Amino acid sequence: MKSISLASMIVAVAVMAGVATAYDPIGQTCDTPGGYECANDANINGGNAFIYECDSTGEFVYVAGCACPSCCVSEASGAYCT
C-alpha cells in the first residue's frame, strides 16, 4: 500500500483551495494577460501572501501584498486578500 505524507496532503489541499503557495512568479513570462493569482515567497512582502497579475506585456507583475502568509484567495474571477 502506498502512503502519502502529511506534508504532501497539506500542499495538495492548499493548491486545490486556491490559497497562496510558496512561489515567486514575478518577472516570469505568462500567456494569459489580465489573470490574477496568489503566491507567497520569503523574499517578497515579508513572506506574506501577495497578488500578482499577468500584464499586457506577457510578464507576471506584483499587484498587492496581503497581511499574512495565508491571507490570499484565488478564484476564477480573480484574487483577493482576506
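Residues numbered from 1 in each chain as written. Predicted model: local features only at pLDDT ≥ 70, side-chain atom pairs only at ≥ 80, totals over all residues. Heavy atoms only, no water.

### Focus: the overall build of the protein chain
Across its full length, the protein chain holds one helix and five strands. Walking the protein chain from its N terminus toward its C terminus, one meets helices and strands in the order α-β-β-β-β-β. Carbon together with sulfur atoms contributes 58% to the accessible area of the protein chain, which is approximately 5,100 Å² in total. (Helix = DSSP H or I, 4+ residues; strand = E, 2+ residues; numbered from the N terminus. Areas by Shrake-Rupley, 256 points an atom, 1.4 Å probe, with all protein chains shown as cover.)

### Digging into the state of the cysteines
Enumeration over the complete set of coordinates arrives at four disulfides. Disulfide pairing places Cys 38 opposite Cys 72 at an S-S distance of 2.0 Å. Judged by the torsion about the S-S bond (-75 degrees), the Cys 38/Cys 72 disulfide is left-handed. On the criterion of sequence distance, the pair formed by Cys 38 in strand S1 (residues 36-41) and Cys 72 in strand S4 (residues 72-75) is long-range, its members being 34 residues apart. There is no split in this pair, since Cys 38 and Cys 72 are both buried. (Disulfide = S-S within 2.5 Å. Buried < 20%, exposed > 50% of the residue type's maximum accessible area, 1.4 Å probe, protein only.)

### Thoughts on the confidence of the model for the protein chain
Within the protein chain, residue pLDDT values average 82, and 74% of them lie at 70 or more. Per-element confidence in the protein chain is highest for strand S3 (residues 60-65), whose mean pLDDT is 97, and lowest for helix H1 (residues 6-17), whose mean pLDDT is 41. Contacts for the low-pLDDT stretch residues 1-17, under 50 throughout, to residues beyond four places or in other chains number four contacts. (pLDDT = per-residue confidence, 0-100. Contact = heavy atoms within 4.5 Å.)

### Overview of the sheet that holds S3
Taking strand neighbours across the sheet as the criterion, the three strands line up as S1-S2-S3 in an open arrangement whose pairing is antiparallel. This sheet does not close on itself; its edge strands, each paired only once, are S1 and S3. When the angles between neighbouring strand axes are averaged without regard to direction, this sheet yields 40 degrees. Sheet topology places S1 next to strand S2 (residues 44-54); six bridges connect them, and they run antiparallel. Bridging across to S2, Cys 38 finds its partner in Ile 51. (Pairing = 2+ DSSP bridges. Axes fitted to C-alpha atoms, helices over the stretch in contact; angles between N-to-C directions.)

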